[in-house]
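Take a look at the letters that make up each chain.
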Amino acid sequence: MDSLYSALGGEDFFRRLVSGFYAQVKTDDLIGPMYPDDDWDGAEDRLRWFLAQYWGGPPTFNEQRGAPMLRRRHFPFRIGMAEAERWLELMSNSLDQFSEDELNPAQREALWNHMQRVAYMMINQPGEHPGMR
């Protein structure tokens, strides 16, 4: 396989992953309010496009949104350690929907390591970043 995107089955895998994540976010008391009630589908598309593109899928994110600029796009939101950890908890729950036949341990670890880096990179509250204590 040329990419993790291909190895995981492409668009279908990332659609299921992101859908499972957002099903939880919609009712989450901590990070749910950060998302616009009138744009759940758009938020879901953007995350799916980003993850698919990062892992070797089509460049839809760049075509639709330009360069990711993740920290800049998330800066208007108060993101501390609690928010990052909740994001990771919900994403871990979504990863749990896949059997080892669909997502083997090495693939899951690769995805999870990336998600941890991204979640902690989003922290924008002074003194809460794990690398700045």
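Criteria and thresholds
- Residues numbered from 1 in each chain as written.
- Predicted model: local features only at pLDDT ≥ 70, side-chain atom pairs only at ≥ 80, totals over all residues.
- Heavy atoms only, no water.
- UniProt positions renumbered as here; feature names shortened; annotations may be inferred.
- Helix = DSSP H or I, 4+ residues; strand = E, 2+ residues; numbered from the N terminus.
- Buried < 20%, exposed > 50% of the residue type's maximum accessible area, 1.4 Å probe, protein only.
- Contact = heavy atoms within 4.5 Å.

Labelled according to an unreviewed UniProt entry, the protein appears under the name Protozoan/cyanobacterial globin family protein, originating from Corynebacterium genitalium ATCC 33030. In its Sequence similarities (unreviewed entry) section, the UniProt entry covering the protein states "Belongs to the truncated hemoglobin family. Group II subfamily."

**Notes on the overall build of the protein**
When helices and strands are counted, the protein shows seven helices and zero strands. Counting helices and strands in the order they occur from the N terminus, the protein gives α-α-α-α-α-α-α. Within the protein, buried positions represent 42% of all 133 residues. Intrachain contacts of the protein at a sequence separation of at least 6 include 68% that bridge at least 24 residues.

**Here's the deal with the environment of Q24**
Counting through the fold element by element, Q24 comes out in helix α2 (residues 11-25). Along the sequence, Q24 and W87 sit 63 residues apart, while their C-alpha atoms lie 9.9 Å from each other. Setting aside its immediate chain neighbours within four residues, Q24 contacts L90, N93 and S94.

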